Structures are given as C-alpha cells and as structure tokens.
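Remarks on the overall topology
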Amino acid sequence: MTKKTPGDLRSARWFAPDDLRSFGHRSRMMQLGYDEEDFRDKPVIGVLNTWSELNTCHSHFRERVKDVKRGVAQAGGFGVEMPSLSVDESFTKPSSMLYRNLLAMETEEMIRSHPLDGVVLMGGCDKTTPGLVMGAISAGVPMIYLPAGPMLRGNYAGKILGSGSDAWKYWDERRAGNISDEEWLGVQGGIARSAGTCMTMGTASTMTAIADAMGLTLPGASSIPAVDSGHQRMSAACGRRIVDMVWEDLTPDHIVTPESCRNAAVVAMATGCSTNAVVHLIAMARRAGVPLTLDDLDALGRVTPLIANVRPAGRDYLMEDFYYAGGLRALMKQIESMLETSALTVTGKTMAENLEGAEVYNDDVIRPLSNPVYHEGSLAVLKGNLCPSGAVIKPAACDPRFYRHEGPAIVFDSYPEMKKAVDDETLEITPDHVMVLRNAGPQGGPGFPEWGMLPIPKALIRQGHRDMLRISDARMSGTSYGACVLHVTPESHVGGPLALLKTGDTVRLDLANRRLDMLVDEAELEARRAALAPPKPRYERGYGYMFLKHVTQADAGCDFDFLQSDFGRAAGEPDIF
C-alpha cells in the first residue's frame, strides 16, 4: 500500500481534467449547491444506505447517515449518500434471498460507475451484509461496513422475548390452545420494541459478526445496539476512518484473505451462528478468490466450541446482554489462540492489536473455553445419498435425541401441501416420523426461502411434542431452532436425490458420522430417477428468469455464476469521454 495524493484519487478522473466533460461534472456539482472547494482534491465517500420505510431493521439509518457524513467531513472528505436496494427480511417475498445477488450487483456497479474513492456500507438486515460486502469486494475500492446493530430486548408481561425464537414458541402454544388472543397480541406488540435487527443470534447478528471478524468493521461494531448512543459515535468514526483508508489505499483485497475468512468462520461457530452463515460466507469468500468449502466449515465446527450463551443456540441471553458482557471483541479474545491474529483489518492494524484490552464482564453470557455452551461449533455439515453435495444442521439448537435417528419419511412437494397436513389434527404421524419439504431450494422456492423450520403437526403439538426431525432443501431463519436439516444439495428442483424420496421410505440421520441417508436400494432409486419428470421453471422472464439461469447451489454460496471471481476478467474503470 502506498500513500495517495489528491491527483491519485479515483474521483479526480471525473473532476480534475481541464476539459469539457469535467467541466460538466463540476457544473452539476455546483447545481447541487456545492463549491469546488467542497469536493475537489478530497476523497469522495459514497455512503451506501439500505434504509427504507419498510425495513424495520434500518429505520434509524436516516439519522445515522448524517453521523457518517459528519465523520467524513471531520476527516477532510466529501460524503454523498447513495440509496441502495433495501432487502428487508420481513416484507420481501417470496424470499429476500432472491434479491441478495441483485443488491451485490447494484453495489458493484454503483461504485464502479460513480466518482467514489471509498464507501461506507450501511446494512444489517440478513441479506444486506453479504450483498453489500460481495459487491464492494468485486468493486475493489476501500470500504468499511457499518452494522445496523440489534434491537432492544423484547418484553411482555414481565417475560423477556427474543426475535423469532419466541414467535415460534408462542405460536406453537397458541396452536395448542394454551394462550389467549390477548396474550398473543401482547407478544406481538412486545417482541420488537426499537429500531435494529433481530436481537437473537439470528442471521443478521451472525452476518454482522462475520463482517466484524473478517476485519471489515471497526472493532466490536457489530455488537452495539441500534439505539445506543455508542452507535451514533461508531457511525461517525466509520466516516472518519474511511477517509484515511482512501489515502492509505487500504482496499478489500488486503483484508479479505484466506486468514480473515477462516477467522470469520471460527467466530461464527463460537457465536452459535445461523445456518445461513454457510451460504453467505462461502459467497463472500469466493468473491475475494478464497475457495472456502462446506468441508472447511465443518472441520472448523468440529474443533470450535460454542461460547456465546445467546439464543437460540444458547439458553438464556440476547444480543443486548452480549454487548454488556463485552461484545464480539471479548468473545474473540476468549478464542484468540484459535484465530489468525496477524490478519489486517479496516483499522490498518492487525486483529491482535484490535483485541488488546478486550475483556469479558459476564462469563455466563460469554463463556470461557473450559465451560462452553456446546462442545463443538454451532453447525455441522452432512453428506449421504440424500445430500451428496451437503446439507446443514444446527446441533446445539435441537434435542440431542435426534443426533442419531431413523424413521419413516412423510414427504411434501409444496409448502401449502405441508401446511394443510400439519393443521390436520387427524394426520397419522408419530414423533419418530421424518417430515420432508422439497422444491424449496434456490430454484425450486424460488429464491431459497426460509421454510425449513417446518411446523410441528397439530396432532403432535397437542400431545406435548415440540421437536421432530425435519429435512428440506430450504433455508430457515437464524432465529429458528429444532432438529432441522437444511440446504439439502443438490436441491430437488434440479433433480437432486431428495426428489426421489417417497413417503414411507426410511431416513437415517447419524450426526456423529455426518451422514444423512435414505435406506432405499440403488436399483429402486435408479428406477425412480428414470421416471422423474423435469419441473416447470418458476420464472419465464425478468430478473427471476436470470436468477434461475445463473444461481449456483447452496454448497457454492448461491452467487450468480457470472459474478464469481473465476468466471472472467473484472471490468476496469469506466471510460470517461
């Protein structure tokens, strides 16, 4: 890295030359009310803001962008807000995952096509972190990630409520007839009380922790609650730091390395991460040319204890408690010996330097290695004749009796079919059955929806059962829990073995040996495969059509094939004539 001068700035190509085109650029800046002194010879910082009036996770970003621009100005830069696709988890249908790659494409092209020397990426809701980071990695300019931060703890009738996790819990109780309409409405109004992302260790907190551990945020930024005043100060600090990063020419290729991707995976496992971490981390790493695989993640999961006692994998606490206990820096300090601490970060310092002075203030929330929540990491990767390319399970969040389980399958080809069956109190099903939902993967969903935490059938709910083995080629929310095998790959829609399974076939899960198999002989499977008819495509035009043509399978990160770093030569700087 070399120190840049004003003439080296990328934005100088737009503003510096004494020609008609640059005259036009400078004239339009003056049209916006700026003098040349505001922007010439200064780093122009794009503040990519994923705020929208329907994105509850980012409802505070309208104010935070002002804090970022304040920091940029303090450091001698010129900040410009760039509205970005607001991929929210609550309202985007059929699945926010359908649009993660669209956000990544928009981010990359927005950066490349505008006079931006560096960017602050404002995200947090599940898919915004990987989408923004993937695009910025490919664009290659200095970048820093500003995480939205978790919302405050939920509360109703003196009970602490956790995002998602308690929604599923109380919904089962409502289906069982154990809570009233009034109580249900009380939970509905009390479970989300402020701006910010889910306050369990769901996908949002998982992915911001991954960005933090990868070195892409200011140290510990991922833990700060959204409405804490420290979040405003962190936002301004991001603005100041990105200006210095531009002068230092500290680009993502110096930060996103095999070492930092390994750090991100280890930290994810130690936090009790969402199963979605697998898909997003692989996609992010591969944008940087790091060939991360499911087997790599499983190997790290086997040796990394889960030490964050945060729901749903933990038992007692939420993200607000995690922050008060020392936050991600404290957790990373606990596992420092397992990390590549020489990895460079956006601070310009190594991880080791960033962890100096970090300490744990509550060792029941952030456990020591001698007293983990779970002896292995959060996730396990399965292989077998049902999932030759892999599937994922979260052992710490399910009943141990399912770690080795064998039972008859009950197979559903669509969510409506499954929903109708589970609401039928006369359904013939036992706790030993294995519920299977297929046609819910990247192409089959379409868009890889979070349908994988299949509802427990009412017939079993009323008997007191709250878990059973469930298998799907879908994802599930990071706030979910239970014995759910997810991301079965290849998915059934493209002819994966899950498409061959029939109701009544015996399925065996052997977690210790990382196996998931259907006990059906090969000759029968071949006969079924020969009779399999290809399904109709989910889209015949538009973005959805492009998605189906180019999305990769879950084990490869569900990126578009043409966006991966090994597809072809990256686009250079745009021509300016």
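Residues numbered from 1 in each chain as written. Predicted model: local features only at pLDDT ≥ 70, side-chain atom pairs only at ≥ 80, totals over all residues. Heavy atoms only, no water.

**Observations regarding the pattern of salt bridges**
For clarity, the cut-off: Think of a salt bridge as a Lys or Arg side-chain nitrogen and an Asp or Glu carboxyl oxygen that are within 4 Å of each other. Helix numbering and strand numbering both begin at the N terminus, where a helix is a DSSP run of H or I of at least 4 residues and a strand a DSSP run of E of at least 2.
Applying the stated rule across the entire model yields 40 salt bridges. As a salt-bridge pair, R514 and E376 come within 3.3 Å of each other at their nearest N and O atoms. Remark: E376 occurs in the loop between α16 (351-354) and β7 (380-382) and R514 occurs in the loop between β13 (506-510) and β14 (515-518); sequence separation between them is 138 residues. The partner of D413 in a salt bridge is R438, and the shortest N-O contact between them spans 2.5 Å.

**Topic: the packing of helix α9 (residues 203-213) against helix α12 (residues 276-287)**
Operational definition: Angular values range over 0 to 180 degrees, each being the angle between N-to-C directions of two axes fitted as lines to C-alpha atoms, with helices fitted over their stretch in contact. Note: crossing handedness is left-handed where the near helix turns anticlockwise from the far helix by less than a right angle, and right-handed where it turns clockwise. Contacts are residue-level and defined by heavy atoms, with any inter-residue pair within 4.5 Å sufficient. Residue polarity follows a fixed list, in which Ala, Val, Leu, Ile, Met, Phe, Trp, Tyr, Cys and Pro are nonpolar, Asp, Glu, Lys and Arg are charged, and the others, Gly among them, are polar.
Two numbers describe how α9 lies on α12: the axes approach to 10 Å, and their chain directions differ by 35 degrees. Two packed elements cross with a definite hand, and for α9 against α12 that hand is right-handed. Contacts between α9 and α12 involve T203, T206, M207 and I210 on the former and, on the latter, N276, A277, H280, L281 and M284. Among the residues forming the contact of α9 with α12, the class breakdown is five nonpolar, four polar and no charged.

**As for the layout of surface pockets**
Selection criterion: Put plainly, a pocket is an open set of points on a 1 Å grid over the protein atoms alone with protein on both sides within 12 Å along at least five of seven lines, a cavity is a set where a 1.4 Å probe fits but cannot get out, and a lining residue has an atom within 4 Å of a point. Grid points are joined across faces, edges and corners, and a volume is the space filled by probe spheres set on the points.
Quantified by volume, the largest pocket comes out at close to 1300 Å³. For the largest pocket, the lining is made up of 50 residues, of which G164, A167, W168, S477 and T479 are closest to its centre. Of all elements in the fold, only α7 (165-175), α8 (181-190), α9 and α17 (415-422) reach the threshold of two or more residues within the lining of the largest pocket. With five residues, α7 is the single largest residue contributor to the lining of the largest pocket. Here the lining of the largest pocket is built from residues that sort into 23 nonpolar, 16 polar and 11 charged. Size it by volume and the second largest pocket reaches roughly 310 Å³.

**A closer look at empty space enclosed by the protein**
By the definition in use, this model includes four cavities of 30 Å³ or more. Of the pockets and cavities examined, the largest cavity occupies roughly 80 Å³. When residues of the lining of the largest cavity are traced back to their parent elements, those giving at least two are α9, α15 (327-334) and α16. Across the lining of the largest cavity, the residue classes tally to five nonpolar, five polar and two charged. Estimates place the volume of the second largest cavity at around 70 Å³.

**Section: unusual backbone geometry**
One can expect most non-glycine residues to show negative phi and most peptide bonds to be in trans. Applicable threshold: Summary of the burial criterion: residues with accessible area below 20% of their type's maximum are buried, those above 50% are exposed, and those between are partly exposed, where the area comes from a 1.4 Å probe applied to protein chains only.
With an omega of 10 degrees, the peptide bond between R311 and P312 qualifies as cis. Turning to its location among the elements, P312 is positioned in the loop between α13 (294-303) and α14 (319-324). Of note, the bond from T489 into P490 is cis; its omega dihedral lies within 30 degrees of zero at 0 degrees. Even without glycine at this site, A157 takes up a positive phi of about 55 degrees. Note on placement: A157 falls in the loop between β5 (154-156) and β6 (159-161). Notably, F448 is not glycine yet its phi reads approximately 60 degrees, a positive angle. Within the secondary structure, F448 is located in the loop between β10 (434-437) and α18 (458-461). We classify F448 as buried; its relative accessible area is 1%.

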